[in-house]
Amino acid sequence: MQSKNMATIISELNTYSVGVSEEDVDNLAQLIVKSNRIFIAGAGRSGFAAKGFANRLMHLNLEAHFVGDPTTPSIQPGDLLIIGSGSGSTSSLVANAKKAKNAGAKLATVTIYPTATIGSLADVIVTVPGETPKNDSGAADTASSVQPMGSLFEQLSWLTYDAVVLQLMGLLHETTDTMFPRHANLE
């Protein structure tokens, strides 16, 4: 028998996933395809979801870097920075957004609050329903969850990134079979 708590989480994901626009997902996928290199950033648990996305982009044979890793190069014109931030106002991520824009790169964000600082700088915004105690944008929460401190946003972000991956697979003519040889073999 399924756990009552698991059923609650799945119900929340089902309820709020309809708030992620297909157009937003497609806009992000199109921007990724047009970019030279893709840089991904996120903090905390949102960062874990973003790091998983960077991994999948590498599997798609794209040059992807997670901001903060020692091997991450400098961002340049023609590159793209994607920031996952529920609040859209995490100070370190805002600083990275400004640096990327000043360097001539494009900026995309996955966020609850598109009018927050990072969203106001972004070329593409993927709005994901959620709530966070870190909301200082003045905008209303777009979901109500029994889960603590942004868990719903983090889960929906992961699913949103996977939806972008599926879109990219079609655009790049990639399949599980073509992606798997790029999977890590030093584990």
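Basis of the calculations
- Residues numbered from 1 in each chain as written.
- Predicted model: local features only at pLDDT ≥ 70, side-chain atom pairs only at ≥ 80, totals over all residues.
- Heavy atoms only, no water.
- Salt bridge = Lys/Arg side-chain N within 4 Å of Asp/Glu carboxyl O.
- Helix = DSSP H or I, 4+ residues; strand = E, 2+ residues; numbered from the N terminus.
- Buried < 20%, exposed > 50% of the residue type's maximum accessible area, 1.4 Å probe, protein only.
- Pairing = 2+ DSSP bridges.
- Right-handed = clockwise from strand over helix to strand, strands pointing away.
- Phe/Tyr/Trp six-rings, centres within 6.5 Å; stacked < 30°, edge-to-face > 60°.
- Expected span 1.5 Å × (residues − 1).
- Axes fitted to C-alpha atoms, helices over the stretch in contact; angles between N-to-C directions.
- Contact = heavy atoms within 4.5 Å.
- Core = buried A, V, L, I, M, F, W, Y, C linked by side-chain atoms within 4.5 Å.

## A look at the pattern of salt bridges
Here is step 1: Evaluated as defined, the whole model comprises 5 salt bridges.
Here is step 2: Of the charged contacts, one joins K51 and D69 as a salt bridge, the two residues approaching to 4.0 Å between their closest N and O atoms. One end of the pair, K51, is in helix α3 (residues 44–59); the other, D69, is in the loop between β2 (64–66) and β3 (80–84), and 18 residues separate them in sequence.
Here is step 3: K51 gets classed as partly exposed once you look at its relative accessible area, which sits at 40%.
Here is step 4: A salt bridge links D123 to K101; the shortest N-O distance between them is 2.9 Å. With D123 in the loop between α5 (117–121) and β5 (124–127) and K101 in helix α4 (residues 91–102), this residue pair connects regions lying 22 residues apart in the sequence.
Here is step 5: A relative accessible area of 28% places K101 in the partly exposed class.

## So, the pairing of β3
Here is step 1: For β3, the tally of buried residues reaches 5 of 5 residues, placing the bulk of the element in the interior.
Here is step 2: Pairing between strand β1 (residues 38–42) and β3: 5 bridges, direction parallel. Within β3, the residue paired with F39 across the bridge is L81.
Here is step 3: As defined by bridge partners, β3 adjoins strand β4 (residues 106–111) across 5 bridges and the pair is classed as parallel. Bridge pairing in β4 links L80 to K106.
Here is step 4: Traced from β3 through α4 to β4, the parallel crossover comes out right-handed.

## Description of the packing of aromatic side chains
Here is step 1: Applying the stated criterion across every chain, the model contains 1 aromatic pair.
Here is step 2: For the ring pair F53 and Y161, a centre distance of 4.6 Å and an interplane angle of 15° mean the geometry is stacked. Note that F53 is positioned in helix α3 and Y161 in helix α6 (residues 151–172), a separation of 108 residues in sequence. There is no split in this pair, since F53 and Y161 are both buried.

## What to know about α6
Here is step 1: With 22 residues, α6 should cover 32 Å at 1.5 Å per step; its first-to-last C-alpha distance of 31 Å lies within 8% of that length.
Here is step 2: Taken residue by residue, α6 has S151, L152, F153, E154, L156, S157, T160, Y161, V164, V165, L168 and M169 as its buried positions.
Here is step 3: Following α6 by one or two positions, H173 has its phi on the positive side, about 60°.

## Thoughts on the sheet that holds β1
Here is step 1: Pairing is parallel across the open sheet formed by 5 strands, whose spatial order is β2-β1-β3-β4-β5. Unpaired on one side and paired on the other, β2 and β5 mark the two borders of the sheet. Strand after strand, the sheet turns through a mean of 15° between neighbouring axes, direction not considered.
Here is step 2: Contacts between helix α2 (residues 22–34) and the sheet are confined to β1, β3, β4 and β5, with β5 contributing the most and set at about 140° to the helix.
Here is step 3: Against the sheet, α4 makes contact with β1, β3 and β4, and its axis sits at roughly 165° relative to β3, the strand it touches most.

## Digging into the nonpolar core
Here is step 1: With 37 residues, the main nonpolar core has I32, I40, F53, L57 and I82 as its most contacted residues.
Here is step 2: For this core, the element with the highest residue contribution is α6, accounting for 8 residues.
Here is step 3: Apart from the residues lying within four places of it in its own chain, the contact partners of L57 are I32, I38, I40, L62, A64 and L168.
Here is step 4: By size, the runner-up hydrophobic cluster in this structure holds 13 residues, among which are F39, L93, A97 and A105.

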